[in-house]
2 protein chains.
Amino acid sequence: LNVNGNEKDPFHSTMVDFVNLQKQIDQLSAFSDSPAPSVTRILYSHNDVAARRFIKDLMGRAGLSVREDAVGNIFGRWEGSEPDAPAVATGSHIDAIPYSGKYDGVVGVLGAIEAINLLRRSGFRPKRSLEVIMFTSEEPTRYGISCLGSRLLAGSVSLAKALTQTVDNDNISFLDAAKSAGYAKNEDFSNVFLDEKTYSAFVELHIEQGPILENEGVSIGIVTAIAAPASIKVDFGGNGGHAGAVLMPQRNDAGLAAAELALAVEKHVLESGSIDTVGTVGIMEVHPGAINSIPSKSHIEIDTRDIDEKRRNTVIEKIQESAVSISKRRGVELLEFKIVNQDPPALSDESVVKAMESATQVLGLSHKKMISRAYHDSLFMARKAPMGMIFIPCYKGYSHKPEEYASPEDIANGVKVLALTLTNLSLN
Amino acid sequence: LNVNGNEKDPFHSTMVDFVNLQKQIDQLSAFSDSPAPSVTRILYSHNDVAARRFIKDLMGRAGLSVREDAVGNIFGRWEGSEPDAPAVATGSHIDAIPYSGKYDGVVGVLGAIEAINLLRRSGFRPKRSLEVIMFTSEEPTRYGISCLGSRLLAGSVSLAKALTQTVDNDNISFLDAAKSAGYAKNEDFSNVFLDEKTYSAFVELHIEQGPILENEGVSIGIVTAIAAPASIKVDFGGNGGHAGAVLMPQRNDAGLAAAELALAVEKHVLESGSIDTVGTVGIMEVHPGAINSIPSKSHIEIDTRDIDEKRRNTVIEKIQESAVSISKRRGVELLEFKIVNQDPPALSDESVVKAMESATQVLGLSHKKMISRAYHDSLFMARKAPMGMIFIPCYKGYSHKPEEYASPEDIANGVKVLALTLTNLSLN
Ligand SMILES: [Mn+2]
Ligand SMILES: [Mn+2]
Ligand SMILES: [Mn+2]
Ligand SMILES: [Mn+2]
């Protein structure tokens, strides 16, 4: 079966084994802390460790030599004929936020291994070495740090330091958790940093996580920029008290302060006037959490992004002003307003964009240049190598939920574009 | 030591043993699922079962004959010289919501046992029998049902039915939990219902849970009415999705719908124009609860009360209208709007009020007639017997939090008023 049927397709006799690839996607989805069809795979959990074993096994079968670093980024290398030249890398993540789906990240890891298999079957010999990377904890679920593995690879000194002291919500330290998964034998995480000339290019294959490609019937998205994400944690504190006995004028309700700030986030985002500005309150908790108790503490976490860094920073400033004014007006204490990260946007490199575009043309696949509104490990890899991203359509643009879906045909198209892009970058 | 020093005090030579009573309060507070000074004691938990053993032991030492019913209401009886006449009962609860204090309810159980001890030491002989009751699950924490034990004693057929099918948030059935604590041997809970002529009167001693007595320097509050409580559960559902990829116009954020409704509750309560109307959102949860995921589900629980039932019901209607209009405007589904209970207020009985008032006068204690804004097991016992409540001051009106406090002197005054009221009711 030739997925595409185009005569120019250099892989026509060595097509993507998409039946097997789909089987692997399904197998991987079973390593989950929540029941199917949802997937929950949290950093260093039993299921995460089992899933890592699954990935390393597949890398080994693909003839890649496997190594892992101190936080569990996994590298599978196919040595090229010029082993000392900077290599070409591709990869993504396999961790999954609670109750999400089985394609986010996974397509870019299993798809990359299948691209390697495809290239081997086609008789390709790399010049620059090729590497498949599975990044640790792209999702911020456990330690509140997004793109933990790639951020560290990109040389974040502050993160390397923070990791020695970070704890999760159950007070389990990052160090203990990493050790329990077989990592962090040496506690100096600066040895994870990449040398400047490690990679000559980095490409990531990923589902779009938006509806554009599907709506427009386009096979491949070529990402030119990744939006600038920021995340904020806010805590309010009040006197709490009995829901019957404390009269309304005496109250300083921390839960209502949080509710008001959540609505202010939406308001400030809409005030930007740009469709590209988004803001979300994905976490909202009140303490003690009893129906007959006025909340004495509240905690919310805010995610805001834009392709325009300045515009996004204006939203953050307005959110902070609202947090202060809400706390004053309600007599509630603003215990914390912490900007956890405030990353700049990243641009794809022209050379990588050209290689991806030419691959789609050779394969006869329609493509569209677009912006990534979700962040990815590519945001950080762009700091260490020319970067590019390949998007494939996904059902209704759904992501981060069990209904997330990409068709085997679309995944196979993505794998072929990735494989051809890798050959191009490896030989040049 | 005579706490009061008043010559007319009939207990002057047999004072309240408030050192021992305080010791018992402290001992009981150690049966907690959260660290001191907070108390968390959830129905049928290990700590609840241990605390029940502690109470039964104290009842036994006070010479009371102890029995328990199918849901674990505990009765300690001192047989009077007219054992067939309806008895006089007193009591309260010892369960504690998460992270609350050690006086709510407890004062009315340990204080009642001490009142019995005091009466014995003073040589009193009851005519009508006296009973001390520890009610099961006054707090709605585990099964969402407030005053579970007293509601059932009052003959709630719907509750007796519901209990055979109710489950908690961990999907543990009421039946299994009750059995694990040694109750519900027979699954027909209608055998808990009280016969009409069981009690001739019911009196409950309790901390005020409001600041009035402390502010005005009054020793004893005599409750004339208990405010009408209602509780509501609301669930919203939306499409959720990725916090970066789904643009603002495409969203139907279940979390923001919940935030808006929480603020609407406050608004509608304030619109009533009466200081006696209160409303609280003590529980607010979003799913899946990840910073980069738009909430696809939200759950809030609302408590609203008033001394005027009609005015409170108007607030409930407005909240329901807001829930509907918010869901329409945001394109969010209103999955559930459930009025869990909507109880009428209760009035104290004139005969019991007179007995309490006369007790304060004999003891030379200042008193004030007042309304209870918190509900109590008395709300339901009023359906089966003439009811009255004795309030004592508590620090700053604090309740449902670790800072809750009542002084040993104030507790001792409450015990004496209770004891004298019981003698009066027992002999008439
Ligand atoms: Mn993701
Ligand atoms: Mn991803
Ligand atoms: Mn209470
Ligand atoms: Mn109480």
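See the structure printed just above.
As a starting point, this report considers the structure included with it. What you see is a predicted model, and the numbers here were worked out from it, not measured in a lab.

Calculation rules
Residues numbered from 1 in each chain as written. Chains lettered and ligands numbered in written order. Predicted model: local features only at pLDDT ≥ 70, side-chain atom pairs only at ≥ 80, totals over all residues. Heavy atoms only, no water. Helix = DSSP H or I, 4+ residues; strand = E, 2+ residues; numbered from the N terminus. Buried < 20%, exposed > 50% of the residue type's maximum accessible area, 1.4 Å probe, protein only. Lys, Arg positive; Asp, Glu negative; His and termini not counted. Salt bridge = Lys/Arg side-chain N within 4 Å of Asp/Glu carboxyl O. Polar contact = N/O pair within 3.5 Å; in protein donor to acceptor, adjacent residues only side chain to side chain. Contact = heavy atoms within 4.5 Å. Pairing = 2+ DSSP bridges. Axes fitted to C-alpha atoms, helices over the stretch in contact; angles between N-to-C directions. Buried area = accessible area lost by both parts, 1.4 Å probe. Least-squares fit on C-alpha atoms with pLDDT ≥ 70 in both. Donors = N, O, S within 2.8 Å, 3.2 Å for Na, K, Ca; no water. Phe/Tyr/Trp six-rings, centres within 6.5 Å; stacked < 30°, edge-to-face > 60°.

### As for the side chain of Asp104 of chain B
Residue and element names in this part refer to chain B.
- As for its placement among the helices and strands, Asp104 is situated in the loop between strand E5 (96-100) and helix H3 (106-121).
- Within the buried core, Asp104 has no salt-bridge partner, and the shortest N-O distance to an opposite charge, that of Arg305, equals 9.3 Å.
- A distance of 3.1 Å separates a polar atom in the side chain of Asp104 from a polar atom in the side chain of His93.
- Once residues lying within four places of it in the same chain are set aside, the contact partners of Asp104 are His93, Glu139, His206, Ile207, Gln209, Ser399, His400 and Glu404.

### What about the sheet that holds strand E10 (residues 278-287) of chain B?
Residues and elements named next belong to chain B.
- As summarised here, the arrangement of the 4 strands in space is E10-E11-E9-E12, forming an open sheet in which the pairing is antiparallel. Only two strands of the sheet have a single partner each, and these edge strands are E10 and strand E12 (333-342). Mean inter-strand twist for the sheet, computed between neighbouring axes without regard to direction, equals 15°.
- Pairing between strand E9 (residues 228-237) and strand E11 (residues 297-306): 10 bridges, direction antiparallel. Pairing of Ala228 across the sheet is with Asp306, part of E11.

### Comments concerning the interface of chain A and chain B
- Tallying the contact residues gives 60 residues for chain A and 60 residues for chain B.
- Across the chain A to chain B interface the summed buried area is about 5100 Å²; carbon plus sulfur atoms make up 66%.
- Considering only the surface of chain A that becomes buried against chain B, Met248, Met284 and Ile291 of chain A emerge as the three largest contributors, covering 14% of it.
- The partner of Arg330 of chain B in a salt bridge is Glu266 of chain A, and the shortest N-O contact between them spans 2.8 Å.
- For the pair chain A and chain B, the interface holds 14 residue pairs in polar contact (both at pLDDT 80 or more).
- For the side of chain A that touches chain B, the secondary-structure elements that each account for two or more residues are strand E5 (96-100), helix H8 (254-271), strand E10 (278-287) and strand E11 (297-306) of chain A.
- Residue contributions to the side of chain A that touches chain B peak at 10 residues, all from E10 of chain A.

### A few points about the sheet that holds E10 of chain A
All names here are of chain A.
- Taken in spatial order, the 4 strands of this open sheet run E10-E11-E9-E12, and their pairing is antiparallel. The two strands at the open ends of the sheet, each matched to only one other strand, are E10 and strand E12 (333-342). Neighbour to neighbour, the strand axes of the sheet diverge by 15° on average, direction disregarded.
- Across the sheet, helix H9 (residues 309-330) touches strand E9 (228-237), E11 and E12, and the angle it forms with E12 is around 170°.

### Here we look at unusual backbone geometry
- Here His287 of chain A and Pro288 of chain A are connected by a cis peptide whose omega angle stands at 5°.
- Tracing the chain through its elements places Pro288 of chain A in the loop between E10 and E11.
- The linkage connecting Ala36 of chain B with the following residue, Pro37 of chain B, adopts the cis geometry, with an omega of 10°.
- For Pro37 of chain B, the location among the structural elements is in the loop between helix H1 (18-29) and strand E1 (39-41).
- Positive phi, normally seen in glycine, also occurs at Tyr99 of chain B, with a value near 60°.
- Along the polypeptide, Tyr99 of chain B turns up in strand E5.
- Taking the relative accessible area as the measure of exposure, Tyr99 of chain B reaches 38% and is therefore partly exposed.

### Regarding the relation of the copies chain A and chain B
- Take chain A, turn it by 180°, move it 0.0 Å along the axis, and it overlays chain B with an RMSD of 0.1 Å. Considering both components of the superposition, the chain copies are consistent with a two-fold axis. Using C-alpha coordinates, one finds that chain A approaches the rotation axis most closely at Ala259 of chain A, a distance of 2.2 Å.
- Interface residue correspondence from chain A to chain B reaches 100%, placing this contact among same-surface, isologous pairings.

### Regarding the pattern of salt bridges
- Evaluated as defined, the whole model comprises 43 salt bridges over all chains.
- We note a salt bridge from Lys56 of chain A to Glu68 of chain A, for which the minimum N-O separation is 3.1 Å. Separated by 12 residues along the polypeptide, Lys56 of chain A in helix H2 (residues 46-61) and Glu68 of chain A in strand E2 (residues 65-68) bring together distant segments of the chain.
- Residue classification places Glu68 of chain A among the partly exposed positions, given a relative accessible area of 31%.
- The shortest N-O distance in the salt bridge between Arg311 of chain B and Asp306 of chain B comes to 2.7 Å.
- We classify Arg311 of chain B as partly exposed; its relative accessible area is 24%.

### Brief notes about the coordination of the manganese ion (ligand 3)
All names here are of chain B.
- Asp104 (OD), Glu139 (OE) and His400 (NE2) make up the full set of protein donors to the manganese ion (ligand 3), lying at 1.9 to 2.3 Å.
- Separating the manganese ion (ligand 3) from the manganese ion (ligand 4) is a gap of 3.7 Å, which Asp104 spans by donating to each of them. You can see Asp104 sitting in the loop between E5 and H3 and its partner Glu139 sitting in the loop between strand E6 (130-135) and helix H4 (148-153), a full 35 residues away along the chain. Neither Asp104 nor Glu139 differs from the other in exposure class; each is buried.

### A look at the coordination of the manganese ion (ligand 1)
All names here are of chain A.
- At 1.9 to 2.3 Å from the manganese ion (ligand 1) lie its protein donor atoms, namely Asp104 (OD), Glu139 (OE) and His400 (NE2).
- Read in sequence order, the donor residues coordinating the manganese ion (ligand 1) give the pattern D-x34-E-x260-H.
- The distance between the manganese ion (ligand 1) and the manganese ion (ligand 2) comes to 3.6 Å, and Asp104 binds to both of them.

### Observations concerning the side chain of Asp303 of chain A
- With respect to the element layout, Asp303 of chain A can be found in strand E11.
- For Asp303 of chain A, a relative accessible area of 2% translates into the label buried.
- A polar contact of 2.7 Å, which involves the side chain of Asp303 of chain A, links it to the side chain of Arg305 of chain A.
- Apart from the residues within four sequence positions on either side, Asp303 of chain A is in contact with Ala230, Val278, Gly279, Thr280 and Tyr375 of chain A together with Ala243, Ile291 and Asn292 of chain B.

### Quick notes on the packing of aromatic side chains
All names here are of chain B.
- Tallied over the full model, the rule gives 18 aromatic pairs over all chains.
- Measuring from ring centre to ring centre gives 6.0 Å for Tyr44 and Tyr183, while their planes differ by 40°; the resulting arrangement is tilted. With Tyr44 in the loop between E1 and helix H2 (46-61) and Tyr183 in the loop between helix H6 (174-180) and strand E7 (199-207), this residue pair connects regions lying 139 residues apart in the sequence.
- The exposure class of Tyr44 is buried, given its relative accessible area of 4%.
- We classify Tyr183 as buried; its relative accessible area is 6%.

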